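If you want the building blocks of each chain, they are given just below.
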Amino acid sequence: MVKIGVLGLQGAVREHVCSIEASGAEAVVVKKVEQLEALDGLILPGGESTTMRRLVDLYGFMEPLREFGRQGKPMFGTCAGLIMLAKEIVGYDEPHIGLMDITVERNSFGRQKESFEADLDIKDVSDSYTAVFIRAPHIVSVGAETEILAECDGRIVAAKDRNFLGCSFHPELTDDHSITRYFVDMVEQAKKVQV
Ligand code: GLN
């Protein structure tokens, strides 16, 4: 069984743990840098990216997280976690972790749409997935190697770049574990290659 961490500094952590376990992997809440070494993959949860960034810096996670991704270990950023992973953020000079070849824009679905559900067709995952969006970012553009997995109202809301998976919505808030299962598959494949 692969071991997948959920960065536990801030945000929707416990629900991701349940979703990982329901998808057939072992889940670990990560609060210390030393825990990263034993993991095969990592989920960066939703929450508030500016707060998450402050805590990542405070607890010395930034370089270890970048190193984790550079080793080829899969990382899955959801909502604020997607913002954490992106190489570029509209209106910001510098990214946060900055490993996934996408540009994101924060809070981009407008005030009246602070939170909503939408039925999505997610490539290789599900053709009818109910996604929960909460003050969600969207992906403005993707790099040459990045595959677009889903769009909502003409905006990119899920993508995959090498070992990086990201989505604008909260997969842990629904009973449909198909996208977490897709990430668990990525982690299993990556572990086979590394062994
Ligand atoms: N709006 C938040 C941010 O910019 C993300 C919201 C979420 O993760 N639900 O970080």
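The rules behind each value
- Residues numbered from 1 in each chain as written.
- Predicted model: local features only at pLDDT ≥ 70, side-chain atom pairs only at ≥ 80, totals over all residues.
- Heavy atoms only, no water.
- Helix = DSSP H or I, 4+ residues; strand = E, 2+ residues; numbered from the N terminus.
- Polar contact = N/O pair within 3.5 Å; in protein donor to acceptor, adjacent residues only side chain to side chain.
- Contact = heavy atoms within 4.5 Å.
- Salt bridge = Lys/Arg side-chain N within 4 Å of Asp/Glu carboxyl O.
- UniProt positions renumbered as here; feature names shortened; annotations may be inferred.

**Some remarks on the side chain of D40**
Part 1 of the argument: Tracing the chain through its elements places D40 in the loop between β2 (26-30) and β3 (41-44).
Part 2 of the argument: Within the local environment of D40, its side chain forms a polar contact with the backbone nitrogen of K3, the two atoms lying 2.7 Å apart.
Part 3 of the argument: Ignoring sequence-local partners within four residues, the contact set of D40 consists of V2, K3, F68, K73, P74, V187 and K191.

**Quick notes on the pattern of salt bridges**
Part 1 of the argument: Under the criterion given, the structure shown has 12 salt bridges.
Part 2 of the argument: Residues E48 and R135 are paired through a salt bridge, measuring 3.4 Å at the closest nitrogen-oxygen approach. On the criterion of sequence distance, the pair formed by E48 in the loop between β3 and α2 (49-58) and R135 in the loop between β8 (126-134) and β9 (138-142) is long-range, its members being 87 residues apart.
Part 3 of the argument: A salt bridge links R181 to E188; the nearest nitrogen and oxygen atoms lie 3.3 Å apart.
Part 4 of the argument: Salt bridges here are not isolated pairs; linked through shared partners, they connect E63, R66, E67 and R70.

**Quick word on the UniProt feature "binding site: L-glutamine" (unreviewed entry) in the protein**
Part 1 of the argument: Within the UniProt annotation, "binding site: L-glutamine" (unreviewed entry) is assigned to G47, E48, S49, R106, I134 and R135. A maximum C-alpha distance of 12.9 Å is found for the annotated residues, which run over 89 residues; spatially they form one tight group.
Part 2 of the argument: For E48, the contacting residues outside a window of four places in its chain are Q10, A80, R106 and R135.
Part 3 of the argument: Examined against the element boundaries, I134 turns out to sit in strand β8.

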